[in-house]
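Chains, contacts and geometry: an overview
Spelled out, the chains give:
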Amino acid sequence: MTSSRSPHRRLRRYLPAVLTAAIVASTVAATGTVMAANRAEAATTLGASATATGRYFGAAIAASKLSDTTYTRILSTEFTSVTPENEMKWDATEPSRGTFNYTSGDRIVSQAQSNGQQVRGHALAWHSQMPGWAQSLSGSTLRSAMLNHITNVATHYKGKIYAWDVVNEAFADDGQGSRRNSSLQQTGNDWIEAAFRAARAADPGAKLCYNDYNTDGVNAKSTAVYTMVKDFKARGVPIDCVGFQSHLGTGVPGDYQSNLQRFADLGVDVQITELDVAQGGNQASIYGTVTKACLAVSRCTGITVWGIRDSDSWRTGENPLLFDSSGNKKAAYTSVLNALNAGSGGGGGGGGNGGTGCTATVTPGTVWGDRYNTSVTVSGASTWTVVVTMTAPQKITSTWNGTATWDASGNVMTMKSNGSGAAFGFTTSFNGNTTARPQISSCTGS
Ligand code: XIL
């Protein structure tokens, strides 16, 4: 496939450079039911291809590597999201009690902003990589130190983080679905919800995620997380997303996609947060399977790989990433790119709503101090339904050239053509979050 129609490139031609970063972050083209014709538009980078499905494609990065030119070339070309691999963890951000150090985390955020990439914050509360001083605390003293930590870090990065891993790895691998027996757990079983409430109060614009490993298929551990999320939703504990680390070996659970879907059905987004796969006969196909699973779940909003080159990986010697140690694309890279370019239809064949394909392309409009405009152009169908998802607390305040309806949360707008043409638009008020932009969740023609 030689043709490339990266939306980023297209826009750069006629927009001032100063706007480019913002536009890269907010340009979205999505295909609902993907048809062969759309594949002619296949993009040639992971980020652009994921953007064309309304999703991000990210990498974990290290501040210490930002002076490596091979690393930064791949980073800025291929990825639309970053996660600091270690720089926002508790030991890095609060090395002594009450003294905060944001130097490396800030470096990653400013690099991401200049590349137009969004940032996943990782991780506010975790039993591992706690600073020594916090390791020596327990009970109510540890509880208040944890809450103070969350409040400070989330406040520092307020408005700059797309999603936070608020709590990481809180469940045990005992096959019983128990909580991990950590000093944080010993502060009381409600420590997880206390952490989420503190994060929401500090940064109401960030999506708040629970993140864990060995939860990639349906098993006792993932079911325990599922039960917790269901309970949180029922009781109004603020949670928006669940991260599936997906540190995989030589196989992928057969129920990977249905596991993602059961969480999405609880009303949370799901994200693949730390993907890496042991190098072996199946590496490329496992990467493809994981990518297709995310694309088949409309609330799977993006994929992050845990590093760029094999030499950057924490899994020394396992070569689990998409680029080799010299920065060359591996077969696993091609497998992911091809899966992304096959769009959001997944490999399941049909199963849809009987609609035809269409493409919805976002063009950012005027930005004021308190609000901004967005235009969406639809191609491939003259009668269409486009679903647009907003990040709270942003709210759409007016629309034009379409008929809009809303879900109960008020964050998801379904816009139907009303005979006024191939484009519609809307005004969004920031309500305190100036960085989030609308996501196209689907485009269906009829
Ligand atoms: C790893 C980093 O990649 C290493 O550099 C560090 O030494 C240890 O932590 N689950 C997580 C990540 O949530 O934070 C871990 O990252 C990998 C496992």
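Residues numbered from 1 in each chain as written. Predicted model: local features only at pLDDT ≥ 70, side-chain atom pairs only at ≥ 80, totals over all residues. Heavy atoms only, no water.

Observations concerning the pairing of strand 4 (residues 118-126)
In terms of residue burial, strand 4 counts as a mostly covered element, since nine of its nine residues are buried. Where strand 3 (residues 81-84) and strand 4 come together, two bridges link them in parallel fashion. From the neighbouring strand, Ser81 faces strand 4, where its bridge partner is Gln118. Taken together, the five bridges between strand 4 and strand 5 (residues 163-168) define a ladder with parallel strand orientation. In the sheet register, Ala125 faces strand 5, and the bridge partner there is Val167. (Buried < 20%, exposed > 50% of the residue type's maximum accessible area, 1.4 Å probe, protein only. Helix = DSSP H or I, 4+ residues; strand = E, 2+ residues; numbered from the N terminus. Pairing = 2+ DSSP bridges.)

Some remarks on the pattern of salt bridges
One pass over the full model with this rule turns up 18 salt bridges. Here Asp312 makes a salt bridge to Arg309, at a shortest N to O gap of 3.0 Å. Neither residue differs from the other here; Asp312 and Arg309 are each classed as buried. Through salt bridges with shared partners, one network takes in Lys65, Asp68, Arg309 and Asp312. (Salt bridge = Lys/Arg side-chain N within 4 Å of Asp/Glu carboxyl O.)

Side note on the site of the ligand
Glu85, Lys89, His122, Asn168 and Glu274 are the nearest of the 13 residues found near the ligand. Lys89 has a polar side-chain atom sitting 2.7 Å from an oxygen atom of the ligand. At 2.9 Å, a side-chain N or O of Asn168 approaches an oxygen atom of the ligand. In the complex, 78% of the free accessible area of the ligand, which totals 410 Å², lies under the protein chains. A class-by-class count of the residues in the shell around the ligand yields three nonpolar, six polar and four charged. (Near = heavy atom within 4 Å. Polar contact = N/O pair within 3.5 Å; in protein donor to acceptor, adjacent residues only side chain to side chain. Areas by Shrake-Rupley, 256 points an atom, 1.4 Å probe, with all protein chains shown as cover. Nonpolar A, V, L, I, M, F, W, Y, C, P; charged D, E, K, R; others polar.)

With respect to the state of the cysteines
A complete count under the given rule lists two disulfides for this structure. Residue pairing for Cys209: its cysteine sulfur links by disulfide to Cys241, the two sulfurs lying 2.1 Å apart. Residues Cys209 and Cys241 are joined through a disulfide that is left-handed, its torsion about the S-S bond being -90°. Placement of the pair is Cys209 in strand 6 (residues 207-212) and Cys241 in strand 7 (residues 241-244), with a sequence separation of 32 residues. Since its relative accessible area comes to 0%, Cys241 is described here as buried. Linked covalently through their sulfurs, Cys294 and Cys300 form a disulfide whose S-S length is 2.1 Å. Disulfide Cys294-Cys300: torsion about the S-S bond near -100°, hence left-handed. A relative accessible area of 0% places Cys294 in the buried class. (Disulfide = S-S within 2.5 Å.)

Side note on helix 8 (residues 139-156)
Over its 18 residues, helix 8 runs 26 Å from end to end, which matches the ideal 26 Å to within 8%, given 1.5 Å per residue. For helix 8, every residue scored as buried is listed here: Leu142, Arg143, Ala145, Met146, His149, Ile150, Val153 and Ala154. Projected onto a plane normal to the axis of helix 8, the buried residues spread over an arc of 165° and lie on a single side. Buried residues along helix 8 sit against helix 5 (90-93), strand 4, helix 7 (132-135), strand 5 and helix 9 (191-202). (Expected span 1.5 Å × (residues − 1). Arc of directions from axis to C-beta. Contact = heavy atoms within 4.5 Å.)

Observations concerning the packing of aromatic side chains
This model, assessed by the stated rule, comprises 14 aromatic pairs. Arranged with centres 5.6 Å apart and planes meeting at 75°, the rings of Tyr56 and Tyr162 form a pair that is edge-to-face. Here Tyr56, found in strand 2 (residues 56-61), pairs with Tyr162, found in the loop between helix 8 and strand 5; they are 106 residues apart in sequence, far enough to count as distant. Tyr56 gets classed as buried once you look at its relative accessible area, which sits at 5%. The buried category is assigned to Tyr162, whose relative accessible area is 14%. Every member of this aromatic cluster is reached through a ring pair, and the members are Phe100, Tyr102, Tyr157 and Trp164. Seen from the ring of Tyr372, Arg437 lies directly overhead, with NZ or CZ sitting 4.4 Å from the centre. (Phe/Tyr/Trp six-rings, centres within 6.5 Å; stacked < 30°, edge-to-face > 60°. Lys NZ or Arg CZ within 6 Å of the ring centre and 35° of its normal.)

Concerning helix 6 (residues 103-114)
The end-to-end C-alpha distance of helix 6 is 17 Å, a good match for the 16 Å that twelve residues give at a rise of 1.5 Å each. Within the sequence span of helix 6, burial applies to Gly105, Ile108, Val109 and Ala112. Buried residues of helix 6, seen end-on, are gathered within an arc of 95° and therefore sit on one face of the element. Among the exposed residues of helix 6, those pointing more than 90 degrees away from its buried face are Thr103 and Ser114. Of the residues flanking the end of helix 6, it is Gly116, one or two places downstream, whose phi is positive at about 70°.

So, the pairing of strand 2
Counting buried positions along strand 2 gives six out of six residues, so the element sits mostly inside the fold. What you see with strand 2 is no split at all: Tyr56, Gly58 and Ala60 on one side and Phe57, Ala59 and Ile61 on the other are buried throughout. Sheet topology note: the strand 2/strand 10 (residues 300-305) ladder contains four bridges and is parallel. Residue Phe57 lies in a different strand from strand 10, and its bridge partner there is Ile303. Between the parallel elements strand 2 and strand 3, the chain passes through helix 4 (residues 69-78) in a crossover that is right-handed. (Right-handed = clockwise from strand over helix to strand, strands pointing away.)

Considerations on unusual backbone geometry
Ala123 follows His122 through a cis peptide bond whose omega is -5°. For Ala123, the location among the structural elements is in strand 4. Backbone geometry at Asn214 places phi at a positive 55°, although glycine is not the residue there. Assignment of secondary structure puts Asn214 in the loop between strand 6 and helix 10 (220-235). Look at Asn431: it is not a glycine, yet its phi comes out positive at around 50°. As for its position among the elements, Asn431 is in the loop between strand 18 (423-429) and strand 19 (439-445).

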